[in-house]
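# Descriptive analysis of the structure
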Amino acid sequence: MAQAAVKIFEREGEALESEVLDRAHLARMTFNDRNLEREVLQLFVRQAELLMQRIHGSEPAAIATLAHILNGSAAGIGADQVARAAEAAELSANRTPRERGLAVDQLAEAVDEIRGQITTLLQVQ
């Protein structure tokens, strides 16, 4: 019986790790208001798209600033993978162009992944 409970707990933990958006965090930040949650998510998607457009091809200092903004926004809604990738992109501003490019590419992938999950979530609500 105890082993079954451990397996269930492990599967739940894996499911939480696979989630791109921390829904509990988002609910706390939006006071469990579904309309506010929807609006915040829509704003985040628009902002992330705009910031990523600006990041591509920008100078290192601009990349750092834009990634910093995206990091704060992502952390605010519970998009931890995006926040971590944005922080890495911000820190890469003083590194080689190759390292910076890789960090920006990883950030773009994280943003694409969260956009997909948000789009799905908004269609369900």
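Because the structure is predicted, anything quoted here is derived from the model rather than measured.

### Some remarks on the nonpolar core
- Within the largest apolar cluster, 32 residues are counted, with the highest numbers of intra-cluster contacts made by Phe44, Leu70, Val82, Leu107 and Ile118.
- Of the residues forming this core, the biggest block, 10 residues, is contributed by helix H6 (residues 97-124).
- When sequence neighbours within four positions are dropped, the list of residues in contact with Phe44 reads Leu70, Ser73, Ala74, Ile77, Val82, Ile114 and Ile118.

### Examining unusual backbone geometry
- One non-glycine residue, Phe31, adopts positive backbone phi at about 55 degrees.
- With respect to the secondary-structure elements, Phe31 resides in the loop between helix H2 (23-29) and helix H3 (34-55).
- On the accessibility criterion, Phe31 (69% relative accessible area) is exposed.

### Some thoughts on the confidence of the model for the protein
- With 86% of its residues at a pLDDT of 70 or more, the protein has an overall mean of 89.
- In this model, residues 4-17 is a region of pLDDT below 50 whose contacts with residues beyond four sequence positions or in other chains number one contact.

### A closer look at the side chain of Asn71
- With respect to the secondary-structure elements, Asn71 resides in helix H4 (residues 60-77).
- Looking at Asn71, the relative accessible area reads 17%, which means it is buried.
- Discounting residues that sit within four places of it in the chain, Asn71 has contacts with Ala83, Ala86, Glu87 and Glu90.

### A look at the packing of H4 against helix H5 (residues 80-91)
- Contact geometry of H4 with H5 gives a least axis separation of 8 Å together with a crossing angle of 165 degrees. Our classification of the angle between H4 and H5 gives roughly antiparallel. Relative to H5, the crossing made by H4 is left-handed. Seen from H4, the contacting residues are Ile63, Ala64, Ala67, His68, Leu70, Asn71, Ala74 and Ala75; seen from H5, they are Val82, Ala83, Ala86, Glu87, Ala89 and Glu90.
- Broken down by class, the residue content of the contact of H4 with H5 amounts to 10 nonpolar, two polar and two charged.

Rules behind the numbers
- Residues numbered from 1 in each chain as written.
- Predicted model: local features only at pLDDT ≥ 70, side-chain atom pairs only at ≥ 80, totals over all residues.
- Heavy atoms only, no water.
- Core = buried A, V, L, I, M, F, W, Y, C linked by side-chain atoms within 4.5 Å.
- Buried < 20%, exposed > 50% of the residue type's maximum accessible area, 1.4 Å probe, protein only.
- Helix = DSSP H or I, 4+ residues; strand = E, 2+ residues; numbered from the N terminus.
- Contact = heavy atoms within 4.5 Å.
- pLDDT = per-residue confidence, 0-100.
- Axes fitted to C-alpha atoms, helices over the stretch in contact; angles between N-to-C directions.
- Parallel < 35°, antiparallel > 145°, perpendicular 65-115°, else oblique.
- Left-handed = near helix turned anticlockwise from the far one by under 90°.
- Nonpolar A, V, L, I, M, F, W, Y, C, P; charged D, E, K, R; others polar.

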